[in-house]
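An overview of the molecular structure
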Amino acid sequence: MLKEVRVKNFKSFKNEILFSMEAGKKVSELNYHIYDNNYGDKLLKVTSIYGPNAGGKTNLLRAINFLKYLQQYIEMINSPEEESFFFRRINFERFISPFKFNSQNNTIEYSIFFLDDEYELGYNISVDINIIEKKSFILQENFVYRKLGENEFFDLFNRNKTEIVSDNLISEIGIEQFRLSDNMPFLFYLYTNFVNKNIENSFYLSLIKRFMDQVNSIKFINGVDKMPLQFLMRILKENEQLKHNIISILQVLDISVDDIIFKPFNDREEMFFVHNISNSRCELSIYEESEGTLCLVNLLSRIVNLLDDGGILLCDELDSHLHPKLVAKIIELFTSQYNKKCQLIFNSHDIWNMNSENFRRDEIWFVYRDENLVSDIVSLSDYITYDGNKVRKDAKYSKQYMEGKFGADPFIMKGVLWDGK
């Protein structure tokens, strides 16, 4: 599970920001929203991010997912297929580029910490990235760990450019020294070349695997985008239990779907949603079903497995196509006392659900930008009001947000009208 992310000079975040999933010590409401590992570590199961369009909400989600993007980028720049890189360069510019306004600095500084069932694992990296020139240069790396219940962190490795210090790994792996290029993170090098993915590893390599298991558990989805219908059909047909669980949730959400079936139609197999209306059976093909139902099924097909297996779901625009009451129920799937494995981090413009019944104050974050297009973030639990106090747990969060009291709403000039030209 995610504990915290620090990032500097990444996308719209020019200055260092800290995003934390650690429960606030002075926030007392909705304690069942907290994952407590009985060692004193308390993590949030859900966080919602609000702010204006182009303020940096999506960039915050991308920051959490940075290591997965970086891994893909490193693989790409080391690939001989120049044409492939050319067509994917735009995506990398969207996902991992440094801050570009009024700055010539290409160095992204990044830190992330996870907790699993035995250890807290942290990784820090400084990397110089120039996507246009297809270059990267690792400046520093550091990997630390501590056993849960203990306070002291230990270094597994430290790197300064191409110099690597890790006596424990050298001894465990049985080599004299590590040699790798200046554009390859040592973390990825170890995971690719030394970590066994399916069998038990020696102690220090097992820490690398534990960390990368957490990284790989991160799933990024966009509420607007849906997986291709044919792919959705295939996974529901091949996984009967997944289909059953989705139908059960749909019924709880008052969506009148009694079954999902597959049968031949126009010389091909097609998926149908079965509705029972006034004791009359009606079958709608996947192409006739409502957009909202398809969006919900698509989202649930990703959520259900995550709830079973554990992981971190990043959702860009969770409220897209969904009624606010449905969004509230999806949030409840994660905040439930039965959820012990996964976290939901999403951005939204859904102020209907921004209230003390759905969220703790430390579960609400605001992203805002200044006149220089620099984004910053603040948790509601840390926000200081005009009278020098923190926001009360019984405050009307959404009302205060729309009144501009948290500074993360769009500033729209009065008197600007569309003239039709």
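This section reports on the structure supplied with the text. (Residues numbered from 1 in each chain as written. Predicted model: local features only at pLDDT ≥ 70, side-chain atom pairs only at ≥ 80, totals over all residues. Heavy atoms only, no water.)

So, about the state of the cysteines. Under the definition given, this model contains zero disulfides. Not part of a disulfide, cysteine 295 finds its nearest cysteine sulfur in cysteine 315, a span of 8.4 Å. (Disulfide = S-S within 2.5 Å.)

As a further point, take the packing of aromatic side chains. Counted by the stated rule, this structure contains 22 aromatic pairs. On the numbers, 4.7 Å between centres and 45 degrees between planes, the contact of phenylalanine 66 with tyrosine 110 is tilted. Of this pair, phenylalanine 66 sits in helix α2 (residues 66-77) while tyrosine 110 sits in strand β6 (residues 107-115), and the two are 44 residues apart along the sequence. When the centroid spacing of 5.5 Å and the interplanar angle of 75 degrees are considered together, the rings of phenylalanine 143 and phenylalanine 211 count as edge-to-face. With phenylalanine 143 in strand β8 (residues 135-147) and phenylalanine 211 in helix α6 (residues 203-216), the pair connects residues that are 68 residues apart, well separated along the chain. (Phe/Tyr/Trp six-rings, centres within 6.5 Å; stacked < 30°, edge-to-face > 60°. Helix = DSSP H or I, 4+ residues; strand = E, 2+ residues; numbered from the N terminus.)

Now for the packing of helix α8 (residues 240-252) against helix α9 (residues 291-309). Relative to each other, α8 and α9 sit at 115 degrees, their axes nearing to 10 Å. Once α8 is placed against α9, the crossing between them reads as right-handed. Each of Leu242, Asn245, Ile246, Ile249 and Leu250 in α8 lies in contact with α9, whose residues at this interface are Leu296, Val297, Leu300, Ser301, Val304, Asn305 and Asp308. Looking at the contact of α8 with α9, its residues break down into eight nonpolar, three polar and one charged. (Axes fitted to C-alpha atoms, helices over the stretch in contact; angles between N-to-C directions. Left-handed = near helix turned anticlockwise from the far one by under 90°. Contact = heavy atoms within 4.5 Å. Nonpolar A, V, L, I, M, F, W, Y, C, P; charged D, E, K, R; others polar.)

If you trace the six strands from one edge of the open sheet to the other, you get β11-β15-β16-β5-β17-β18, paired in mixed fashion. Bordering the open sheet on either side are β11 (218-222) and β18 (375-379), each of which pairs with just one other strand. Sheet twist, expressed as the average angle between the axes of neighbouring strands with direction ignored, equals 20 degrees. In this structure, strand β5 (residues 46-50) lies alongside strand β16 (residues 342-347), joined through four bridges in parallel fashion. Its bridge partner being in β16, threonine 47 is matched across the sheet by isoleucine 345. (Pairing = 2+ DSSP bridges.)

For the rest of this paragraph, the subject is the packing of helix α7 (residues 229-238) against α9. The interhelical angle for the contact between α7 and α9, taken along N-to-C directions, is 50 degrees, at an axis separation of 11 Å. By the criterion of interaxial angle, the relationship of α7 to α9 is oblique. Read as a crossing pair, α7 and α9 show a hand that is left-handed. Contacts between α7 and α9 involve Leu232, Ile235 and Leu236 from the former and Val297, Asn298 and Ser301 from the latter. (Parallel < 35°, antiparallel > 145°, perpendicular 65-115°, else oblique.)

We now examine the nonpolar core. With 68 residues, the main nonpolar core has Leu2, Leu67, Phe143, Phe157, Ile208, Phe211 and Ile345 as its most contacted residues. With near-sequence residues (within four places) excluded, phenylalanine 211 lies in contact with Leu67, Ile112, Phe114, Leu121, Gly122, Tyr123, Phe143 and Leu187. Core analysis: the next-biggest nonpolar cluster, separate from the first, contains 49 residues, Phe273, Leu296, Cys315 and Phe366 among them. (Core = buried A, V, L, I, M, F, W, Y, C linked by side-chain atoms within 4.5 Å. Buried < 20%, exposed > 50% of the residue type's maximum accessible area, 1.4 Å probe, protein only.)

Another point: the pattern of salt bridges. In this structure the tally under the stated criterion is 21 salt bridges. Of the charged contacts in the structure, one is a salt bridge between glutamate 240 and lysine 243, with a shortest N-O distance of 3.4 Å. Linking glutamate 240 with lysine 243, this pair stays in helix α8, spanning three residues, or about one helical turn. Residue arginine 268 is joined to glutamate 270 by a salt bridge in which the shortest nitrogen-to-oxygen separation is 3.8 Å. (Salt bridge = Lys/Arg side-chain N within 4 Å of Asp/Glu carboxyl O.)

With that out of the way, let us pick up α9. For α9, with 19 residues, the first-to-last C-alpha span of 28 Å sits near the 27 Å given by 1.5 Å per residue. Listed in full, the buried residues belonging to α9 are Thr293, Leu294, Cys295, Leu296, Val297, Asn298, Leu299, Leu300, Ser301, Ile303, Val304 and Leu306. Glycine 310 sits one or two positions beyond α9 and adopts a positive phi of about 90 degrees. (Expected span 1.5 Å × (residues − 1).)

A few words now on the environment of serine 256. Structurally, serine 256 can be placed in the loop between α8 and β12 (259-265). Among the residues examined, serine 256 registers a relative accessible area of 39% and is labelled partly exposed. For the pair serine 256 and isoleucine 277, spaced 21 residues apart in sequence, the C-alpha separation works out to 8.3 Å. Filtering out sequence-adjacent residues up to four positions away, serine 256 remains in contact with Val274, His275 and Ile277.

The next point concerns the sheet that holds β8. With antiparallel pairing, seven strands are arranged side by side in an open sheet as β2-β1-β6-β7-β8-β9-β10. Looking along the sheet, the strands with just one partner apiece sit at the ends: β2 (17-20) and β10 (163-165). For this sheet, the mean inter-axis angle between neighbouring strands, taken without regard to orientation, is 10 degrees. As paired strands, strand β1 (residues 2-8) and β6 are joined by six bridges and run antiparallel to one another. Looking at β6, one finds that lysine 8 is bridged to glutamate 109. Strands in contact with α6 are β6, β7 (119-130), β8 and β9 (154-160); relative to β7, the strand with the most contacts, it is inclined by about 70 degrees.

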